Amino acid sequence: MYKLIEFLKMMGNPQDELHADKHAKYFVRFLKLLPARLSSHDSTRVTIAFFAVCGLDVLERLHLLSDDTKKEIIDWVYSYQIVPSESGPKNGGFVGSSTLNIANSDENCGTNKYKWGHLAMTYTGIAILVTLGDDLSRLNRKAIVEGVAAVQRPDGSFSATIEGSEHDMRFVYCAAAICSMIDDWGTVNKKTLAEYIRNSLRYDYGVSQHLEMESHGGTTYCAIAALCLTNQLNILSYKEIEKIKRWLVFRQDVQDGGGFNGRPNKRVDTCYSFWIGATLKILGAFDLTDYKENRRYVMSAQNVTVGGFSKWTGTSADPFHTYFSLCGLSFINEPGLGEIMPSLNISMRAYNQLKARHKTWQLENSFNETRLNID
């Protein structure tokens, strides 16, 4: 036993090293097969693909996907795009899977009435296309932005779909991210969007999921990122922003492994290394956190056998926590990981490609306007 202990000491703790190749293989497997234990998430396959594709990007291993595979994924995402008729409801966007085979269903099919875009699937779908280097020429930007505007409520919040869904801060963020990525805000009311966020600021200076609810780390990210994407952070005073920073910094719990939690008196969870970390990045205060303790907790949840990260040490890994763990490690400059654009939750590499696409669209619009004036 003594010799075994000495041998393990000599070899070092496998948790000290980021097993990037294993995490990359873990993501590739999820692009090929959805495990039975995740069958309940079948209707949100686009979001699972987002974690896998963008995870490979953060790992700087997109090259593991062949050009043919990338094209297949791009075509697969586009197959879920909903383009409404001119006379129909403004329900453009993307659906999450072919569970009801609704994306290409016959017009006489009974599921036809369920054809509507979902904000979370639209956001993650576009993010996949951007990350894989698609030129976005097949995006129906007009239908998408009209679909976003159609689900905005009078209080400034957004529903996930045109009917029958929740409306809260998660979809406020998705709406802002979608419009930012397609560089078109249409008739989306950014002012009421910001007012909804302001009204959701709680007494402790976290932001709740909906009015009069408890402050939460994930929805605080959604709120601050949405204000950033709409250039409306100035709706918050200097004093308020400083108190938000304080609430965020206090989410790191060195007594509970060193990671971050989402609410006071809750367990730390690896995904909050992104939700809290990204929010502090946007506010320019991430350096107030303890990088070493953050890394120690995230790495403790790493599966060194088959890859992936779990939410808690010693539990099963999943694509969600694996992706956000890697993003959290990127924020603390873990070697071998790409840089993250905090407010859009994609790599800086993908973001720079997106900005180049925006310039192309702007030039095309300018050219078309010039032609119209000449005619």
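Residues numbered from 1 in each chain as written. Predicted model: local features only at pLDDT ≥ 70, side-chain atom pairs only at ≥ 80, totals over all residues. Heavy atoms only, no water.

## Details of the confidence of the model for the protein chain
Phase 1: Taken as a whole, the protein chain shows an average pLDDT of 90; of its residues, 90% reach a score of 70 or greater.
Phase 2: The low-confidence segment residues 1-12, where pLDDT is below 50, has zero contacts with residues more than four positions distant or belonging to other chains. (pLDDT = per-residue confidence, 0-100. Contact = heavy atoms within 4.5 Å.)

## Concerning the pattern of salt bridges
Phase 1: The full count for this structure, using the stated rule, is 16 salt bridges.
Phase 2: Salt-bridge contacts for Asp42 lead to Arg45; the nearest nitrogen and oxygen are separated by 3.1 Å.
Phase 3: What makes Asp42 partly exposed here is its relative accessible area of 25%.
Phase 4: Here Lys142 ties to Glu146 by a salt bridge, and the two come within 2.9 Å at their closest N and O atoms. (Salt bridge = Lys/Arg side-chain N within 4 Å of Asp/Glu carboxyl O. Buried < 20%, exposed > 50% of the residue type's maximum accessible area, 1.4 Å probe, protein only.)

## So, helix α9 (residues 217-229)
Phase 1: End to end, α9 covers 18 Å across 13 residues, agreeing with the expected 18 Å (1.5 Å per residue, within 8%).
Phase 2: Of all 13 residues in α9, 12 are buried, a share of seventy percent or more.
Phase 3: Among all positions of α9, only Gly217, Gly218, Thr219, Thr220, Tyr221, Cys222, Ala223, Ile224, Ala225, Ala226, Leu227 and Leu229 are buried.
Phase 4: Next to the buried residues of α9 lie α7 (169-182), α8 (190-199), α10 (238-249) and α11 (272-282).
Phase 5: Looking one or two places after α9, you find Asn231, whose phi comes out positive at around 55 degrees. (Helix = DSSP H or I, 4+ residues; strand = E, 2+ residues; numbered from the N terminus. Expected span 1.5 Å × (residues − 1).)

## Let's talk about the packing of helix α3 (residues 45-58) against helix α13 (residues 319-331)
Phase 1: Between α3 and α13, the shortest axis-to-axis distance is 9 Å and the interhelical angle comes to 30 degrees. Taken together, the axes of α3 and α13 are roughly parallel relative to one another. Crossing hand, α3 versus α13: left-handed. Here Ile48, Phe50, Phe51, Cys54, Gly55 and Val58 of α3 lie close against α13, whose contacting residues are Pro319, Phe320, Tyr323, Phe324, Leu326 and Cys327.
Phase 2: Partitioning the contact of α3 with α13 into residue classes produces 11 nonpolar, one polar and no charged. (Axes fitted to C-alpha atoms, helices over the stretch in contact; angles between N-to-C directions. Parallel < 35°, antiparallel > 145°, perpendicular 65-115°, else oblique. Left-handed = near helix turned anticlockwise from the far one by under 90°. Nonpolar A, V, L, I, M, F, W, Y, C, P; charged D, E, K, R; others polar.)

## Looking at unusual backbone geometry
Glycine aside, residues mostly have negative phi, and peptide bonds are mostly found in the trans state.
Phase 1: Backbone geometry at Asn265 places phi at a positive 70 degrees, although glycine is not the residue there.
Phase 2: Here the phi dihedral of Asn333 falls at roughly 65 degrees; this positive angle occurs in a residue that is not glycine.
Phase 3: With relative accessibility at 60%, the residue Asn333 sits in the exposed group.

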